Amino acid sequence: MLTIRPSTARGQANFGWLNSKHTFSFGEYYDLNYMGFSSLRVINEDRVSPSQGFSTHSHRDMEIVSYVLEGELEHKDSIGNGSVIRPGDVQRMSAGSGISHSEFNASSQNPVHFLQIWILPDAQGLPPSYEQKYFSPEAKQGKLKLVGSPDGRDDSVTIHQDVLLYVASLNQNEKIDYLIPSPKRNLWIQIAQGKVEVNGHILSAGDGAAIVLEEKMAIASLANSTEILLFDMA
């Protein structure tokens, strides 16, 4: 069964410097029917104006993944990390017992467009930690590339939860089949850019979909420069 979460149905917050669209309940946007899916709690599509950003704030007991689509995002945190996240990078921050961080658009001229993803961890009170890895365009072109996993396999970032996170870039008419390993697995696909057909359903940029009790996902790109994220969860 595939259930679509249309882009147009998402919550939205626009503060001028930040335009954010919420797939699940977040901040002042609350929808009892969309509190998350499996261990996936937040997918926010954020656009931040030049030289603007999120000042220092704190998190606990959450796995936070940032995935930049356009521009540059500067990160600083209370455990000594400082970096700039660019397209192709996957950043994982485990808030654990507590961490403070800031995120700013690193450019004074161009906006930054990124996905902020929160995943519930498999344990509370973990030591805070940080990881950032780059995945080349070739690594995800026309195929699903594993970028996050519980054990860091295949050089992915380590997520403290039973989640396999894949990304793929597709040109028009490129196809991917994903065999779902067990009917007990819950899948979520998020269309970051472009347009796809998934098991006979059309999804466009900003759309997401929950997939349960299926044996396979058949993904076909209907546009060039399509980019998708796939979460395979317990």
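Everything below is about the structure printed above this text.
Definitions and cut-offs
Residues numbered from 1 in each chain as written. Predicted model: local features only at pLDDT ≥ 70, side-chain atom pairs only at ≥ 80, totals over all residues. Heavy atoms only, no water. Helix = DSSP H or I, 4+ residues; strand = E, 2+ residues; numbered from the N terminus. Buried < 20%, exposed > 50% of the residue type's maximum accessible area, 1.4 Å probe, protein only. Contact = heavy atoms within 4.5 Å. Salt bridge = Lys/Arg side-chain N within 4 Å of Asp/Glu carboxyl O. Lys, Arg positive; Asp, Glu negative; His and termini not counted. Pairing = 2+ DSSP bridges. Axes fitted to C-alpha atoms, helices over the stretch in contact; angles between N-to-C directions.

Colleague: Where do I start with the overall build of the protein chain in this structure?
Modeller: A tally of helices and strands in the protein chain yields one helix and 22 strands. Along the first, second and third principal axes, the C-alpha set of the protein chain runs to 45 × 40 × 40 Å. Taken over 234 residues, the protein chain has a buried fraction of 51%. Of all intrachain contacts in the protein chain linking residues separated by at least 6 positions in sequence, the fraction that spans at least 24 positions is 70%.

Colleague: Explain the pattern of salt bridges to me, please; I cannot follow it from the model alone.
Modeller: If the charged atoms of two oppositely charged side chains come close together, the side chains can form a pair. Applying the stated rule across the entire model yields 10 salt bridges. A salt bridge links arginine 153 to aspartate 151, with the shortest nitrogen-to-oxygen separation between them at 2.9 Å. For arginine 153, a relative accessible area of 36% puts it in the partly exposed group. Note on aspartate 151: relative accessible area 49%, which makes it partly exposed. Its salt-bridge partner being arginine 185, residue aspartate 162 comes within 3.0 Å of it at the nearest N-O pair. Here the residue aspartate 162 occupies a position in the loop between strand S14 (157-158) and strand S15 (163-170), and arginine 185 occupies one in the loop between strand S16 (175-179) and strand S17 (186-193), the gap between them amounting to 23 residues. For aspartate 162, a relative accessible area of 33% gives the class partly exposed. The exposure class assigned to arginine 185 is buried, which follows from its relative accessible area of 13%.

Colleague: Sorry if this is basic, but what is going on with the side chain of aspartate 46 here?
Modeller: By the element assignment, aspartate 46 lies in strand S4 (residues 40-48). Arginine 47 provides the closest opposite charge to the buried, unpaired aspartate 46, separated from it by 8.5 Å. Setting aside residues up to four positions removed in sequence, aspartate 46 forms contacts with Leu18, Asn19, Ser20, Phe54, Val112, His113, Phe114 and Gln116.

Colleague: What's the story with unusual backbone geometry in this structure? I'm lost.
Modeller: Here aspartate 154, not a glycine, exhibits a phi torsion of approximately 55°, which is positive. Note that aspartate 154 resides in the loop between strand S13 (145-149) and S14. Take aspartate 154: its relative accessible area is 55%, and that puts it in the exposed class. With a phi angle near 50°, asparagine 199 is a residue other than glycine that sits in the positive phi range. By the element assignment, asparagine 199 lies in the loop between strand S18 (195-198) and strand S19 (201-204).

Colleague: Would you mind showing me how to read the sheet that holds strand S9 (residues 89-94) here?
Modeller: Strands belonging to one sheet form pairs held by backbone hydrogen bonds; the direction of such a pair is parallel or antiparallel. The strand order across the open sheet built from seven strands is S2-S3-S4-S11-S6-S9-S12, with neighbouring strands paired in antiparallel fashion. Bordering the open sheet on either side are strand S2 (11-14) and strand S12 (129-134), each of which pairs with just one other strand. Here the strands of the sheet are splayed against their neighbours by 15° on average, with no regard to which way each runs. Pairing between S4 and strand S11 (residues 112-119): eight bridges, direction antiparallel. By the bridge assignment, valine 48 is partnered in S11 with valine 112.

Colleague: When you look at the pairing of S13 in this model, what are you seeing that I'm missing?
Modeller: Consecutive residues of a regular strand have side chains that alternate between opposite faces of the sheet. Of all five residues that make up S13, four are buried, and the element is covered over most of its length. Pairing between S13 and S15: three bridges, direction antiparallel. Within the sheet, the bridge partner assigned to leucine 146 lies in S15 and is tyrosine 166. Summarising the sheet, S13 and S14 pair through two bridges and their orientation is parallel. Bridging from a neighbouring strand, serine 149 pairs with threonine 158 of S14.

These values are about where atoms sit, not about what they do.
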